[in-house]
Every structure is written in C-alpha cells, then in structure tokens.
Amino acid sequence: MPRPYTEGEREKIKEDLMLCVLRLIHKKGYIHTSITDIAKAAGISKAYLYTMFPSKELLITEALKRQERMAVQKAKEIGEMQGLCPKERLTAFLEWLVSAINHTFFFLTPGEAGDVSRKLSETELEQFFLNLVRQQEMILQTLKIPIGKVDVRVFGNLIINLFMLCSSRERDFCYYQEVFDDTLKQLVQGIVHYVCDKE
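Quick caveat: nothing in here was measured; it's all calculated off a predicted structure.

Enquirer: Mind laying out the overall build of the protein chain, listing which residues take part and the relevant values?
Expert: What the protein chain contains, in helices and strands, is nine helices and zero strands. Beginning at the N terminus, the succession of helices and strands in the protein chain can be written as α-α-α-α-α-α-α-α-α. Residues classed as buried in the protein chain amount to 43% of the 199 residues present. Nonlocal contacts in the protein chain, meaning residues at least 24 apart in sequence, comprise 70% of its contacts between residues at least 6 apart. The protein chain carries 27 positive and 27 negative side-chain charges, and their two centres are separated by 3 Å.

Below is the structure:
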C-alpha cells in the first residue's frame, strides 16, 4: 500500500492540478475537458482528484479563483511601479490580462457558466460571486485606483467582455477579424475611461 501524501505534497499536487485545469480548459474548453483528462495531465488518479474536489464544477470554480488571485498579484506588481498614473497602471494591467487570456486564462461561455452554476449549491454560487467582486475590488485597489464612484460589478462585466472578445478570436468566431486589434484597443480604452474618468 502506498504511503499517504504529506500536506506539502498535497499542496504541490493541488497547485499542479490548477495549472493543468487552466491549460486544458484554455486549450479544449470546459465541455471538452473531462475529469479523466485533468487527472491524467496532473499525473494523479481520478479517485484522488475527487478527494480534493468532489465535482468538476468545484474544480472549475477553484481554477477561476486561482485566475483571479493571479490577476490580483499582477495588479499588485503594476501598482508598485513608480511614475505611472492610474490610467497607465490600469492600461498595463489590461494589456497583461489580454496576454494571459491569449495564453493561459480560460473563459466560460454563457452556456458553460450556466451549466456550472446549475450544479453548484446556492451557497457555493453566492460565495463564488462574492469572492469575484472582492477580487475585482482588490485589483482596482492594488492598482491604486480610487473606486468610490466605480461600480465594481460594471468593471467585472467589462472584463468579461474582454474575455469574450479575446476568446472569439481564439475560437475563430470573430466576425470581422481584420478589425479585431482595433476593437480590442477600443474596449481597453473604454474600460480605462469608465474606471478612471468617472465624474
């Protein structure tokens, strides 16, 4: 019988697992990524995976939370840069986010998000959304942007639009590819304007 994992080993496995989830869902999408795929990529058994996350939906929400924590960490790094005004800090963060979306981060389509939310308990779903709003507030605060007049939920919806736009290109679903970069630039500028020019 194999020896049980130490707490440190469990944390390392969980971290590797999150990276596998991000990579696989970014590449294949939520629907086409199975628990078997994730366990195999992480080098663990499905049974062991289920001891950490009893459902695919809980695993996905944990991966989404990890993405948010990565975004907060990057916002903190940018917020500590000297000589940047709030607009420049937010623009730098959004440019980093676009790169992360294009390379690592994943986005659930409205249908996928609905599927996940239907399988979570009401409490789990409420906690997820509360955590999301807190993380978005933290992003703005660590970028040293006053949020008094900004509705963080609107900021969150604008970020979702950024994910949707970037995902549309990746999934070959953007109607006007020839103006994609201009559209992306306009969306980034719109987010910066909403957050930083709020009267």
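Enquirer: Any details on the environment of F180? Residues and values, ideally.
Expert: Within the element layout of this structure, F180 appears in helix α9 (residues 180-196). Looking at F180, the relative accessible area reads 2%, which means it is buried. A sequence separation of 43 residues divides F180 from E137, and the C-alpha atoms of the two residues are 29 Å apart.

Enquirer: How would you explain the pattern of salt bridges if you had to name every residue and give the values?
Expert: In this structure the tally under the stated criterion is nine salt bridges. K119 is the partner of D115 in a salt bridge, and the nearest nitrogen-oxygen pair spans 3.4 Å. In this pair, D115 and K119 are both assigned in helix α6 (residues 110-119), four residues apart and thus about one turn of the helix distant. On the basis of relative accessible area, D115 is assigned to the partly exposed category, the value being 22%.

Enquirer: Talk me through the packing of aromatic side chains; I want residue IDs and the actual numbers.
Expert: Here the distance between the centres and the angle between the planes together describe a pair of aromatic rings. Scanning all chains against the criterion turns up four aromatic pairs. Between F93 and W96 the ring centres are 5.7 Å apart and the planes differ by 35°, which places this aromatic pair in the tilted class. Of the two residues, F93 and W96 both sit in helix α5 (residues 86-103), three residues apart, roughly one turn of that helix. The class for F93 is buried, based on a relative accessible area of 1%. When the centroid spacing of 5.5 Å and the interplanar angle of 70° are considered together, the rings of F128 and F129 count as edge-to-face. Look at F128 and you get buried, because its relative accessible area is 13%. Here the aromatic residues F93, W96, F105 and F163 are joined through ring pairs into a cluster of three or more. The lysine or arginine in question, K56, covers the ring of Y30, its NZ or CZ lying 4.3 Å from the ring centre.

Enquirer: Help me get a handle on unusual backbone geometry, residues and values and all.
Expert: The phi angle at K144 is positive, at roughly 60°, despite the residue not being glycine. For K144, the location among the structural elements is in the loop between α7 (122-142) and α8 (152-170).

Enquirer: Before we move on, can you summarise the environment of I78 with the specific residues and values?
Expert: For I78, the position within the fold is in helix α4 (residues 56-79). Judged by relative accessible area, I78 falls into the buried class, the value being 2%. Spatially, the C-alpha atom of I78 lies 20 Å from that of N102, the residues being 24 residues apart in sequence. Residues in contact with I78, not counting those within four places in the same chain, are R89, A92, F93 and L143.

Enquirer: Go over α7 with me, naming the residues and quoting the values.
Expert: The terminal C-alpha atoms of α7, which comprises 21 residues, lie 30 Å apart, in line with the 30 Å expected from a rise of 1.5 Å per residue. Of the residues making up α7, those classed as buried are F128, N131, L132, Q135, Q136, I139 and L140. Among the residues trailing α7, K144 stands out with phi positive, at a value near 60°.

Enquirer: Would you mind going over the packing of α5 against α9 in detail, with residue names and values included?
Expert: Two elements in contact, α5 and α9, have axes separated by 10 Å at closest approach and are oriented at 140°. In this view, α5 runs oblique relative to α9, as classed from their interaxial angle. Once α5 is placed against α9, the crossing between them reads as right-handed. Residue-level contacts link P86, K87, L90, T91, L94 and V98 of α5 to L184, V188, I191, V192, V195 and C196 of α9. In the contact of α5 with α9, the residues fall into 10 nonpolar, one polar and one charged.

Reading the values: rules and limits
Residues numbered from 1 in each chain as written. Predicted model: local features only at pLDDT ≥ 70, side-chain atom pairs only at ≥ 80, totals over all residues. Heavy atoms only, no water. Helix = DSSP H or I, 4+ residues; strand = E, 2+ residues; numbered from the N terminus. Buried < 20%, exposed > 50% of the residue type's maximum accessible area, 1.4 Å probe, protein only. Contact = heavy atoms within 4.5 Å. Lys, Arg positive; Asp, Glu negative; His and termini not counted. Charge placed at Lys NZ, Arg CZ, Asp CG, Glu CD. Salt bridge = Lys/Arg side-chain N within 4 Å of Asp/Glu carboxyl O. Phe/Tyr/Trp six-rings, centres within 6.5 Å; stacked < 30°, edge-to-face > 60°. Lys NZ or Arg CZ within 6 Å of the ring centre and 35° of its normal. Expected span 1.5 Å × (residues − 1). Axes fitted to C-alpha atoms, helices over the stretch in contact; angles between N-to-C directions. Parallel < 35°, antiparallel > 145°, perpendicular 65-115°, else oblique. Left-handed = near helix turned anticlockwise from the far one by under 90°. Nonpolar A, V, L, I, M, F, W, Y, C, P; charged D, E, K, R; others polar.

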